[in-house]
Amino acid sequence: MYATVADMTARFGETQMIRLSRPEDRTAETVDEVKITTALTDATAVIDGYVRGRYLVPIASPPKEIVRAACILARYDLAQGEHTDPSEEMAKSRKDVITWLENIAKELIHLDVPAAALVGAAVGSGPRMSDRDRIMSRDSLRGF
């Protein structure tokens, strides 16, 4: 995971994290860490999906931008529930993060993390060899 429950609480406040993680319990005084961790795991998977082609995932020590993106995506997911919907500000923040991730995938934005190594040869590069003799050749088709 690129962010922790503590990152979420520091960024959005304990009160909001309690409300988002326990929307049905109006008397709750603590966050539901399991629910927040699940949202953060999902956010990490989304981020990995966008950056996988360019960077080694999971990112061993994620930069602050990735932590922030994970928190924003997780908060949006937590706000979606049976009786709740994300606010306009949450939806705009999520949209901005997705656009940012798309720009990373398009190589318009670069992160200071190790790049993914190319695996194998590029398609269409270098000489090609066959391991079998030709079945049809000028000699075998002579007379037809």
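Before reading on, note that the structure itself is shown above.
Small disclaimer: the values here were computed from a predicted structure and weren't measured.

A. Seen up close, helix 4 (residues 64-79). End to end, helix 4 covers 23 Å across 16 residues, agreeing with the expected 22 Å (1.5 Å per residue, within 8%). Of all 16 residues making up helix 4, 12 are buried, and the element is well covered by its neighbours. Where helix 4 is buried, its residues contact helix 1 (5-12), helix 2 (14-21), helix 3 (33-51) and helix 5 (88-105).

B. A look at the side chain of Arg75. Summarising the element assignment, Arg75 is placed in helix 4. At 3.1 Å, the side chain of Arg75 forms a polar contact with the side chain of Glu89. Every residue in contact with Arg75, bar those within four places of it in the chain, is listed here: Met8, Phe12, Gln16, Leu20, Glu89, Met90 and Ser93.

C. Region of the structure containing the pattern of salt bridges. One pass over the structure, following the stated rule, counts two salt bridges. For Asp96, the salt bridge goes to Lys92, with nearest N and O atoms at 3.0 Å. On the criterion of helical spacing, the pair formed by Asp96 and Lys92 is a turn pair, its members being four residues apart in helix 5. What makes Asp96 partly exposed here is its relative accessible area of 40%.

Cut-offs and rules
- Residues numbered from 1 in each chain as written.
- Predicted model: local features only at pLDDT ≥ 70, side-chain atom pairs only at ≥ 80, totals over all residues.
- Heavy atoms only, no water.
- Helix = DSSP H or I, 4+ residues; strand = E, 2+ residues; numbered from the N terminus.
- Expected span 1.5 Å × (residues − 1).
- Buried < 20%, exposed > 50% of the residue type's maximum accessible area, 1.4 Å probe, protein only.
- Contact = heavy atoms within 4.5 Å.
- Polar contact = N/O pair within 3.5 Å; in protein donor to acceptor, adjacent residues only side chain to side chain.
- Salt bridge = Lys/Arg side-chain N within 4 Å of Asp/Glu carboxyl O.

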